[in-house]
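# Observations on the three-dimensional arrangement
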Amino acid sequence: MDRIRIIGGKRLEGTIPISGAKNAALPLMIASLLTRETLTLKNVPRLADVTQLSRILGNHGVDITVAGKRAGQSTSDGQTVKLTAEEIVDTTAPYAMVARMRASFWVLAPLLARCGEAKVSLPGGCAIGTRPVDLHLAALKSLGAEIDLEGGYVIARAPKGLTGNKIVLPKVSVGATHNTLMAAVLARGETIIDNAAREPEVADLATCLVEMGARIDGIGTSTLRIEGVPSLHGAEHTVLPDRIETGTYAMAAAITGGEVFLEGARADLLQEALQLLRDTGIEVEESASGIKVSRNGGGLQAVSVETQPFPGFPTDLQAQLMALMCMAKGTSQVRETIFENRFMHVQELARLGARIELKGDTALVTGVNDLRGAQVMATDLRASVSLIIAGLAAQGETLIGRVYHLDRGFERIEEKLGRCGAHIERISG
Ligand code: EPZ
């Protein structure tokens, strides 16, 4: 199993290109199931999750081609992926595939909407909480689907098609919004999704669906109105930049007291997080071409934050912020309100010398002057990158095991950080 080795203490300086967003690319790829025609996605990140989802979609009959390199392109440009689901040959998404990636559960709605049936294994994914799918199933039932649970599979049927309805999601859920949206675009009549997730990745999916011929109003708001259409067509869509990767590298630069330009990052996608970074004493300059983050000599101040659905502070940046706060002056309070078990990085950060006390859903992080390198273990995607952030600042060597978690969501991380001066390498085997 690969490990990442970091010798901490190097100041980051330079430019980091921001990749396409994993959490937008995955539902966009799944949307290809909704049409016989080709969906072309540009700026798709090179990630293990994208490869895994390609396998799952291939099993349903989607032909997927990745365009080769073009003149003038560098390795930091995203890939162009063409997905064509001319015929759905299999409406079952098996356990062995879905258990490895939660987002693959979202094939349920498009398969059901297009084929009138789907059998999809209950999902797996990062172990950050129980992560039920009750909201997804209730929404599909409201659209007229019959749902049975059998042997760990969701079996959904709508032989006469789905019918629009008013759905109030009792809790903000990105995945349930994706699934409901993809079902509603091909349902008969109007669907209203109230309390829809407003995450930019949901808006990106909705925008792409409109480009494919769907009729959706209220994109980016918590009320989505969808007028079903009989079929969708092909389209070309560019995946939006990854706001979580952006925030992660901003914090990596800050913990080393460095100065980094995050090329292609969009500040409007993470206003709350950028404001919080400013509150800690980091300079953040927004421009049309990216975001510059610097901490030249200044100290870091403790902050208090709780994770919230968009536009609030994202749970997917909670572990990284905690790593940063390990070296701030004072005690920070970090409250996790989205997932009940998303503090697994705490004991690993403690191995590097962090002082963190857990009180229920809140972590109290008291800054220390120095972190010290150690052997640590990645436990989930965002937890593993928090260990990288801490390792960049720690004295001596940090060895991070189980980095396959990292490969799911961060494209060429050692290369991106290495180019800015980090002493970081992958040890294979
Ligand atoms: C998406 O997961 C993201 N995954 C997560 O990113 C992200 O942390 C999360 O949204 C919140 O922003 C992808 O986009 C692939 P939810 P999702 O449904 O859709 C509860 C990462 O690291 N809930 O918005 O699975 C749920 O338990 C990943 O990239 C129900 O109770 O999250 C949670 O408490 C990790 N019943 C809350 O809602 C349901 O049926 C929000 O979850 C569905 C969700």
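Here the structure is shown first, and the text comes after it.
If you're wondering where the values come from, they're calculated on a predicted model, not measured in any experiment.

## Here we look at the overall build of the protein chain
- When its secondary structure is counted, the protein chain shows 14 helices and 24 strands.
- In terms of C-alpha radius of gyration, the protein chain reaches 21 Å, essentially the compact-globule figure of 22 Å for 429 residues.
- The dimensions of the protein chain, computed from C-alpha atoms along their principal axes, are 65 × 50 × 40 Å.
- Counting over 429 residues, the protein chain shows a buried share of 57%.

## Details of the sheet that holds strand β17 (residues 290–294)
- Across the sheet, which stays open at both edges, the 4 strands sit in the order β2-β15-β17-β16 with mixed pairing between neighbours. Two strands close off the open sheet at either side, each with one partner strand: β2 (13–17) and β16 (283–287). Geometrically, the sheet is characterised by an average inter-axis angle of 15° between neighbouring strands, direction not taken into account.
- The pairing of strand β15 (residues 259–263) with β17 spans 5 bridges and is classified as antiparallel. Bridge pairing in β17 places Glu259 opposite Ser294.
- Here helix α8 (residues 243–255) sits on the sheet and contacts β2, β15 and β17; the angle it forms with β15, its principal contact strand, is near 170°.
- Against the sheet, helix α9 (residues 271–279) makes contact with β16 and β17, and its axis sits at roughly 145° relative to β16, the strand it touches most.

## So, the pattern of salt bridges
- In the structure shown here, the tally under the stated rule is 26 salt bridges.
- Here Glu397 and Arg5 are joined by a salt bridge, their closest N and O atoms 2.6 Å apart. On the criterion of sequence distance, the pair formed by Glu397 in strand β23 (residues 397–401) and Arg5 in strand β1 (residues 3–7) is long-range, its members being 392 residues apart.
- A relative accessible area of 22% means that Arg5 is categorised as partly exposed.

## A closer look at the pairing of strand β19 (residues 331–335)
- The alternating pattern of β19 places Ser332 and Val334 on a buried face and Thr331, Gln333 and Arg335 on a face that is not buried.
- Sheet analysis places strand β18 (residues 304–306) next to β19, joined by 3 bridges and oriented parallel. Across the sheet, the residue bridging to Ser304 is Gln333, located in β19.
- Pairing of β19 with strand β21 (residues 362–366), which is carried by 5 bridges, proceeds in the antiparallel orientation. Note on β21: the bridge partner recorded for Val334 is Ala363.

## A closer look at the site of the ligand
- Looking at the ligand, there are 24 residues lining it, with Asp134, Ser173, Asp316, Ile338 and Arg382 nearest.
- Asp134 has a polar side-chain atom sitting 2.7 Å from a nitrogen atom of the ligand.
- In isolation the ligand exposes 830 Å². Once the protein is present, 92% of that is buried.
- For the ligand, the cavity whose grid points lie within 2 Å of the majority of its atoms is the largest pocket.

## Some points on α9
- Listed in full, the buried residues belonging to α9 are Ala273, Leu274, Leu276 and Leu277. Projected onto a plane normal to the axis of α9, the buried residues spread over an arc of 160° and lie on a single side.
- Considering only its buried residues, α9 is in contact with α8, β16, β17, β18 and α10 (318–325).

## Digging into the pairing of β17
- Within β17, 4 of the 5 residues are buried, which leaves the element mostly enclosed by the surrounding structure.
- Relative to β17, β16 runs antiparallel, the two being bridged by 5 bridges. From the neighbouring strand, Glu283 faces β17, where its bridge partner is Ser294.
- Following β16, the chain reverses through 2 residues before pairing antiparallel with β17.

## So, the nonpolar core
- The biggest cluster of nonpolar side chains holds 78 residues, and the ones touching the most others in it are Leu181 and Leu209.
- Core analysis: the next-biggest nonpolar cluster, separate from the first, contains 70 residues, Leu276, Ala354, Val368 and Leu417 among them.

## Points about the packing of aromatic side chains
- Tallied over the full model, the rule gives 0 aromatic pairs.
- The ring of Tyr153 is capped by Lys119, whose NZ or CZ atom sits 4.9 Å from the centre of that ring.

## Observations regarding the sheet that holds β21
- Taking strand neighbours across the sheet as the criterion, the 4 strands line up as β18-β19-β21-β20 in an open arrangement whose pairing is mixed. At either margin of the open sheet sits one strand with a lone partner, and together these are β18 and β20 (355–359). Looking at each pair of strands side by side, their axes are set apart by 15° on average, direction ignored.
- Sheet analysis places β20 next to β21, joined by 5 bridges and oriented antiparallel. Directly across from Arg355, in β21, lies its bridge partner Thr366.

Calculation notes
- Residues numbered from 1 in each chain as written.
- Predicted model: local features only at pLDDT ≥ 70, side-chain atom pairs only at ≥ 80, totals over all residues.
- Heavy atoms only, no water.
- Helix = DSSP H or I, 4+ residues; strand = E, 2+ residues; numbered from the N terminus.
- Rg over C-alpha atoms; globule rule 2.2 N^0.38 Å.
- Buried < 20%, exposed > 50% of the residue type's maximum accessible area, 1.4 Å probe, protein only.
- Pairing = 2+ DSSP bridges.
- Axes fitted to C-alpha atoms, helices over the stretch in contact; angles between N-to-C directions.
- Contact = heavy atoms within 4.5 Å.
- Salt bridge = Lys/Arg side-chain N within 4 Å of Asp/Glu carboxyl O.
- Near = heavy atom within 4 Å.
- Polar contact = N/O pair within 3.5 Å; in protein donor to acceptor, adjacent residues only side chain to side chain.
- Areas by Shrake-Rupley, 256 points an atom, 1.4 Å probe, with all protein chains shown as cover.
- 1 Å grid on protein atoms, 1.4 Å probe; cavity = no way out; pocket = protein on both sides within 12 Å on 5 of 7 lines; lining within 4 Å.
- Sits in = over half its atoms within 2 Å of the grid points.
- Arc of directions from axis to C-beta.
- Core = buried A, V, L, I, M, F, W, Y, C linked by side-chain atoms within 4.5 Å.
- Phe/Tyr/Trp six-rings, centres within 6.5 Å; stacked < 30°, edge-to-face > 60°.
- Lys NZ or Arg CZ within 6 Å of the ring centre and 35° of its normal.

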